[in-house]
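Geometric and topological summary
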Amino acid sequence: MSAAIPKEVVSQPVGDARGFDWKWIVIGACVAFTVYIAVIPLGFLFWQSFRTPQTAAVDSVFTVANYATAYGSSDTWRLFWTSMQFASGTALFAFVLGTALAWMNERTNTPFKSVFFALAVIPLIIPGILFTVAWILLASPQIGIINLVMQNWLGLEEPPFDIYSLRGMIWVDGLHYSPMAFLLMSAAFRAMDPSLEESATMSGANIFQVARRVTLRLTWPAIVATILILFVRAIESFEVPALLGLPAGIEVFTSAIYQAVHRYPSQVGLASAYAVALLLITTGGVYWVSKLSGRGSQYATMTGKGFRPRQIDLGGWRWVTAAIFVVYFLLIVVLPFAVLLWSSFQRFYAVPSMEALQNLTLDSYRFILDYPNLTRTIWNSVVLAVSTATIVMLVTSVICWIVVKTSIPGRWLLDGMASLPIVFPGLVLGLAIMVFYLNVDIGVYGTIWIMLIAYVTRFMPYGLRYTTTSMVQIHKELEESAAMSGASWGTTFRRIILPLLKPGLLAGWIYVMIVSIRELSTSILLYSPDTQVMSIVIWELWENGQYVELSALGVLFIIALFVLVLIAQWLGRKYGVKE
Amino acid sequence: MLTVDGLFTEYASAGGDTVKAAQDVSFTVDEGQLFTLLGPSGCGKTTTLRSIAGLERPRQGSITVNDRVVYSSSAGVFVSPNQRGFGMVFQSYAIWPHMNVFQNAAFPLEVGGRRYSRQEIRDNVMQVLTAVQLDQLADRNATTLSGGQQQRLALARALVMKPALLLLDEPLSNLDAKLREKMRFELKRLQRELKITTVYVTHDQGEALALSHEIAVMHEGRIQQIGSPRDIYERPATRFVADFVGSSNFIDGTVTGAAATPDGCVVVRTEIGDVTVRSLQSLVADERVGVSVRPEDVELTEDRPAGGNVWEGRVDQKVFLGEAVEFQVKVGARTLLSRRHPTLRTKIGDAIFVQLDPEKCVVLKVA
Ligand SMILES: Nc1ncnc2c1ncn2[C@@H]1O[C@H](COP(=O)(O)OP(=O)(O)O)[C@@H](O)[C@H]1O
Ligand SMILES: [Mg+2]
């Protein structure tokens, strides 16, 4: 029978089989990598939550005591309740602030708003720990400048603000996440076809009817998703609860996990039990967000072409909205940076006064530049950031190509696994990785490799989002026409796909690099004296009470990050990144 | 009745200078008439329409509907769009995806100044949905409608409050060709039946000629000519209008002799020779003009015809279009386009005679 088959037909399957094998090797490697990096630490975290603490004397055994301790006591319910209050408060505050700013920016004729939009990214480069420290210097009851000024001016007995309180925590973390709310809600406002609102106006509806019956209803999925994302972010956040909450005895899940690990003997099992609860909350949040964005895109298909955003004429009120922008920018960038700058020129921290002005010194900068291992620390930070960004973008572009451009069964699973780390709070991921490499000794614990693994895991979902966005935009026909021109698959990838993908890859690379260099909550459980990074040094200076030295380092760090972003933007514009 | 007088609408562009989108736009639409703004993309049609709607605030001018002034720069009047009571169909249709068909159409009755009872709303909505043949789909989710159905729903929503004026912005441009033809007739039938004063915006000359009582051709923010479809097509006022509405042969030349002959004919000296044209405009000797002739008015015969305005040419190209054949005929150095019945089968390269009817030659003054 085979003799009857013409030669070309026989040779066909051979070629196919070779392509087939090659694909499966790459896919196998990707699956193995994502499973290893995302799923296994999670498994170990669960396992650890059922173990007793291991010491030199006793081996670890199975137990449910961790859960009993964690969930049996009323303390835990208080912890849960405080976490919820903190996270919801932060999410709502950031949302209201960000949405109001986004609305003013997208839908009104506020003057100079394009300048504002350009400045809106600056807060994103200020690391959370520096932002928190700056606000302590601004609003702590003892040394907070704002408090002292207000007391002086208004003759108050008591300082008006206490940053070491739940409200203070919500204020600082909410401000810190408000740029994120601003960007998300700006995107939601932009994505909506304004003629949907205009046709309601033409139907006779007034401003409130349009807002209630059309605008709000249509942006509802985006609103809920934004609040949920902010909630997840807030419940994961570590800097603010640790620096502002712990001194006042206000504990949330993240600070409780940190405390459990740092107790003696270390209560890793208990920390894991807390972590599992935290993970359940974040997973629930992320799940709802993904469901909602599915609903959002169903609405998005209804929008037409020819957007022309109409701006509401605010009349004289537009100077009020401009003033709000200015005040916001003061609160979020100028004041925090100014207070760090002031403190960095002092010998001992002192509130601004004529006397303090006489004592300006560069000592703290000298101290920082002589800091033992400073070069090493910078080197660690830079190497980690660059390698994380590079590995993440390379791996995610392959994963993304498989997910978007092939029809291999089970590819959604790959996508799901690579996105899985998004539910890990930084501290929980650090804990999981720590537990895993303590138990599986392959010689990475305490080295820079464990940090690299942690960073890559943590930021893979971000990279994936960037590559997916640009990959879906590459229309299939662009590849097909290259193939019709006679290009092989390799040539098509190199000459068509990669150049089209490049702006997206570059933007993702820049983003991952910046978030890596700011990373604190994962590193804090994994670093060793040899593998310190910048944010850890800041943390240690804070623990030692070296505020002026911390400020000097913070000022240098922010300036360096700012320059880095400028260079990245310049490079980006040169290579066609549209953001 | 709608009167637009001396309307100027401008935008501040990103660079800081102004985009002069509508400049000195004036026209009148009589009760029950369909008036079309026709022009290429970017000429300011949508801007003019949105200014009438109140969605843009003009810089200067006045807009009056049935003796009610809705905008006047001199009197300082600006009625907000939701108080104007106009129906509008957007290019994207702007169907609200979170409401079903009935709810979409009922919305204007629910939010307007006048209160309607539940029963009144039901009756009015079903009546208008029946008119656009969507009554069967009243409970359907709006997201599941096809393009044509969305278009009809948008129309129903605009009509349900019995508007004083109906504004349509390229309502057919998002439909495919076959459906567009069909909807064109439906729209015309509906407008003629309801006798509703309508302003229609399109860049499609076929649509404009088929639907309108009157057409205004716009170019770079200004109205070039206002007239009946037949006027616009047969007597274009400018070269732009002649070129944009249908296609045309333009032959440049100068007027010879002093006055016109008693029958109103003038001889224009052109590159293909002397062309006799009939002109209603007063022309002076040596004035530079253009002569515009539609391809269907360029007569071709294989034998020399009787009468004047005849040239001998050669067939250069032929395109078979089904119901017609397009000939490109070389007369001297000049190529003329002619559309003939397919029964004319002259071969490429053969000699052919070209004759122009002076009545069909339109003289355009060179600006
Ligand atoms: N919101 C706007 N801001 C700035 N320029 C605009 C805006 N809307 C329209 N334009 C400009 O005004 C001119 C006329 O636009 P438009 O009225 O939409 O034209 P048409 O509907 O005829 O295609 C164009 O040059 C367009 O770019
Ligand atoms: Mg338009």
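Time to look at the side chain of B:Asn124. As for its position among the elements, B:Asn124 is in helix α4 (residues 118-131). Ignoring anything within four residues of it in the chain, the contact list for B:Asn124 reads B:Leu109, B:Tyr116, B:Val160 and B:Lys162.

The subject of this paragraph is the interface of chain A and chain B. Across the contact, 24 residues belong to chain A and 32 residues belong to chain B. Summing both partners gives a buried area of about 2500 Å² for chain A against chain B, and 59% of it is carried by carbon and sulfur. Applying the counting rule to chain A against chain B returns two salt bridges. For the salt bridge of B:Glu110 with A:Arg213, the shortest nitrogen-to-oxygen distance reads 2.8 Å. The interface formed by chain A and chain B holds seven residue pairs in polar contact (both at pLDDT 80 or more) in total. Sorting the residues of the side of chain A that touches chain B by element identifies α9 (194-202), α10 (207-236) and α13 (268-300) of chain A as the ones contributing at least two each. Across the side of chain A that touches chain B, the residue classes break down as eight nonpolar, nine polar and seven charged.

All names here are of chain B. In total, this model carries 23 salt bridges over all chains according to the counting rule given. With its nearest N and O atoms 3.4 Å apart, the salt bridge here joins Glu193 to Arg189. Residue Glu193 and its partner Arg189 are both found in helix α6 (residues 177-194); the two are separated by four residues, about one turn of the helix. Residue class for Arg189 comes out partly exposed when judged on its relative accessible area of 35%. Here Asp274 ties to Arg269 by a salt bridge, and the two come within 3.2 Å at their closest N and O atoms.

Our focus in this paragraph is the pairing of strand β19 (residues 334-340) of chain B. Residues and elements named next belong to chain B. Only one face of β19 is covered, namely the one carrying Arg334, Leu336, Ser338 and Arg340; the face carrying Thr335, Leu337 and Arg339 has none of its residues buried. Both strand β18 (residues 325-331) and β19 contribute to a ladder of seven bridges, which runs antiparallel. In the strand pairing of β19, Val325 is matched with Arg340. Hairpin connection between β18 and β19: a loop of two residues separates the two successive antiparallel strands, and Gly332 in this loop has a positive phi of roughly 65 degrees.

Residue and element names in this part refer to chain B. As summarised here, the arrangement of the five strands in space is β2-β1-β4-β5-β6, forming an open sheet in which the pairing is antiparallel. Two strands in the sheet have a free side with no partner beyond their single neighbour: β2 (18-29) and β6 (77-78). For strand β1 (residues 2-12) and β2, the ladder comprises eight bridges, and the chain directions are antiparallel. From the neighbouring strand, Leu2 faces β2, where its bridge partner is Val29. Strands β1, β2 and β4 (60-65) of the sheet are contacted by helix α1 (residues 45-53), whose axis makes an angle of about 115 degrees with β1.

Our focus in this paragraph is the packing of α10(A) against helix α3 (residues 101-111) of chain B. At a minimum axis separation of 12 Å, α10(A) and α3(B) run at an interaxial angle of 155 degrees. One finds that α10(A) runs roughly antiparallel with respect to α3(B). Seen along the crossing, α10(A) lies across α3(B) with a hand that is right-handed. In this structure, α10(A) uses A:Gln209, A:Arg213 and A:Val214 to contact α3(B), whose residues at the interface are B:Phe107, B:Glu110 and B:Val111. Its residues placed into classes, the contact of α10(A) with α3(B) shows three nonpolar, one polar and two charged.

A few words now on the side chain of B:Ser292. Residues and elements named next belong to chain B. Tracing the backbone shows Ser292 in strand β15 (residues 288-293). A polar side-chain atom of Ser292 sits 2.7 Å from a polar atom in the side chain of Ser248. Residue contacts for Ser292: discarding those within four places in its chain leaves Ala242, Ser248, Asn249, Phe250, Lys360, Cys361, Val362 and Leu364.

All right, on to the packing of aromatic side chains then. Each aromatic ring pair is described using two quantities: the centre-to-centre distance and the angle formed by the ring planes. All names here are of chain B. This structure, assessed with the given rule, holds 27 aromatic pairs over all chains. Positioned above the aromatic ring of Trp96, the side-chain terminus of Arg157 is 4.1 Å from the ring centre. Sitting above the plane of the Tyr233 ring, Arg294 keeps its charged end 4.0 Å from the centroid.

Right, let's get into the domain arrangement of chain B. All names here are of chain B. By the assigned domains, chain B splits into domain 1 (2-242) and domain 2 (247-365). Relative to domain 2, the C-alpha centre of domain 1 lies at a distance of 39 Å. Each side of the interface is counted separately: domain 1 has nine residues, and domain 2 has eleven residues. Of all residues in domain 1, the largest losses of buried area upon contact with domain 2 belong to Tyr233, Arg235 and Arg239, amounting jointly to 63% of the total for that side. Where domain 1 packs against domain 2, one counts one salt bridge. The salt bridge involving Asp252 is made with Arg239; its shortest N-O contact spans 3.6 Å. Listing elements by their share of the side of domain 1 that touches domain 2, those giving two or more residues are α8 (229-234) and α9 (239-244). Considering each element in turn, the side of domain 1 that touches domain 2 owes the most residues, three residues, to α8. Split into classes, the residues belonging to the side of domain 1 that touches domain 2 amount to five nonpolar, one polar and three charged.

Scoring rules and cut-offs
- Residues numbered from 1 in each chain as written.
- Chains lettered and ligands numbered in written order.
- Predicted model: local features only at pLDDT ≥ 70, side-chain atom pairs only at ≥ 80, totals over all residues.
- Heavy atoms only, no water.
- Helix = DSSP H or I, 4+ residues; strand = E, 2+ residues; numbered from the N terminus.
- Contact = heavy atoms within 4.5 Å.
- Buried area = accessible area lost by both parts, 1.4 Å probe.
- Salt bridge = Lys/Arg side-chain N within 4 Å of Asp/Glu carboxyl O.
- Polar contact = N/O pair within 3.5 Å; in protein donor to acceptor, adjacent residues only side chain to side chain.
- Nonpolar A, V, L, I, M, F, W, Y, C, P; charged D, E, K, R; others polar.
- Buried < 20%, exposed > 50% of the residue type's maximum accessible area, 1.4 Å probe, protein only.
- Pairing = 2+ DSSP bridges.
- Axes fitted to C-alpha atoms, helices over the stretch in contact; angles between N-to-C directions.
- Parallel < 35°, antiparallel > 145°, perpendicular 65-115°, else oblique.
- Left-handed = near helix turned anticlockwise from the far one by under 90°.
- Phe/Tyr/Trp six-rings, centres within 6.5 Å; stacked < 30°, edge-to-face > 60°.
- Lys NZ or Arg CZ within 6 Å of the ring centre and 35° of its normal.
- Domains from an automatic or database assignment.

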